[in-house]
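Examination of the molecular architecture
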Amino acid sequence: MQATASAVHEECLPLRRAAIVLILVAALGMADCGRQVTPDPTSFTNLSGKMVIRFRTKGPMDFNNFNYVMVFNTCGVGGEPYPNAFNTTFTNYSYAFAIGATYGIAGAALFQYVLAPGSSNQLNPLPVSNGAGTTQLVLNDNNANNEFQLTFARGLLNNPLNQKVCQNTPAGTPTNLWYINFFTLDKNGIVQDSLGVGGPNDNSFSFNIDVTTNSQNPLFRPAGPALPSNPAAQIDGGEIDTFL
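Below, the structure is looked at part by part. This structure is a prediction, so every number in the text was calculated from the model and none was measured.

**Points about the overall build of the protein chain**
Counting secondary structure elements, the protein chain contains 1 helix and 12 strands. Going from the N terminus to the C terminus, the protein chain shows its helices and strands as α-β-β-β-β-β-β-β-β-β-β-β-β. Across the 244 residues that make up the protein chain, the buried fraction comes to 53%. For the protein chain, long-range pairs separated by at least 24 residues make up 74% of all intrachain contacts whose partners lie at least 6 apart in sequence. Of the roughly 9,700 Å² that the protein chain leaves accessible, carbon and sulfur atoms contribute 49%.

Given below as C-alpha cells:
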C-alpha cells in the first residue's frame, strides 16, 4: 500500500493528504493539572533505554471515531513531519505509532515508512511487529479520560524492517536527533489536528529531542484558529521524555 506525495492509504498509513490538519502538539504540561513532570527515581531506573510519550486532548478521547498518531523523523535532517505532506515531504516520515478507531486500543500499532521500489517520492507504511515487553500503552493515565501514555524501547525505531529509513541522507541511517509530531485523524484517515497553530495545514511547529540525553519535555499547543469542532480531536498537549 503506497503513500504518495499526494495521498496516503487510509487503512495502512496514519495520514492522508485530504483535509490535512496539524495542531501543535501541546506538551503534556502537568504543571496546570498538578501532575509531576519528572518521574520518581525508582521509575527512572525502570525506564532505561525507553521513551515515554503522553498525548492529551481538550476533551475526553473518542477511540471509536478518531485515531491518535505520533509521527517520528529519526533522520536528524529534513525537520518536522507535517500533516500537509503534499506541500512538504513524506521523506520526513520515519515511523508512526497509532491507536484508535482504525488501529484499536489493545496496543499501539507501529509503522515504518520505506521507499517504494523504483520511486523517489513514494513511501509505503509497513506494519512492524512489537515484541513482548517493548511497548506499554496506558489509557486514561491521568484519570480524566483525555490522555494516554505510551512507553516504548527506543531500539524499536532502529530500522526493524532492515530498509532504508532516511531518504534525505546518502547513508540512509537514523541519527540521535529525532523530530516528533502529534496528529488526530478521523476514521477516514483525514487529519483533524496537530501540534502546530496552523492545525491540519501547519508547517511552523518544531520539536526535536536528542535521544542520547535524559530529558523531560512538556509540550503545549498554543491557541489558534484551526481547531476541530470536536474536543476529542483537539490536541491540548503532552510530554515526551527520554531515558538513557
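**Describing the environment of Phe148**
Examined against the element boundaries, Phe148 turns out to sit in strand β7 (residues 147–153). Taking the C-alpha atoms as reference points, Phe148 and Met61, separated by 87 residues in sequence, lie 9.0 Å from one another. Contacts of Phe148, omitting those with residues within four sequence positions, involve Ile53, Arg54, Phe55, Met61, Tyr68, Met70, Ile99, Leu137, Val138, Leu139, Asn140 and Asp141.

**Examining the environment of Ala232**
Looking at the element boundaries, Ala232 is found in the loop between β11 (215–220) and β12 (235–242). Other than its neighbours up to four places away in sequence, Ala232 contacts Thr57, Gly59, Pro60, Met61, Asp62, Phe66 and Tyr68.

**Overview of the side chain of Asn181**
Within the secondary structure, Asn181 is located in strand β8 (residues 177–186). The class of Asn181 is buried, set by a relative accessible area of 0%.

How each quantity is defined
Residues numbered from 1 in each chain as written. Predicted model: local features only at pLDDT ≥ 70, side-chain atom pairs only at ≥ 80, totals over all residues. Heavy atoms only, no water. Helix = DSSP H or I, 4+ residues; strand = E, 2+ residues; numbered from the N terminus. Buried < 20%, exposed > 50% of the residue type's maximum accessible area, 1.4 Å probe, protein only. Contact = heavy atoms within 4.5 Å. Areas by Shrake-Rupley, 256 points an atom, 1.4 Å probe, with all protein chains shown as cover.

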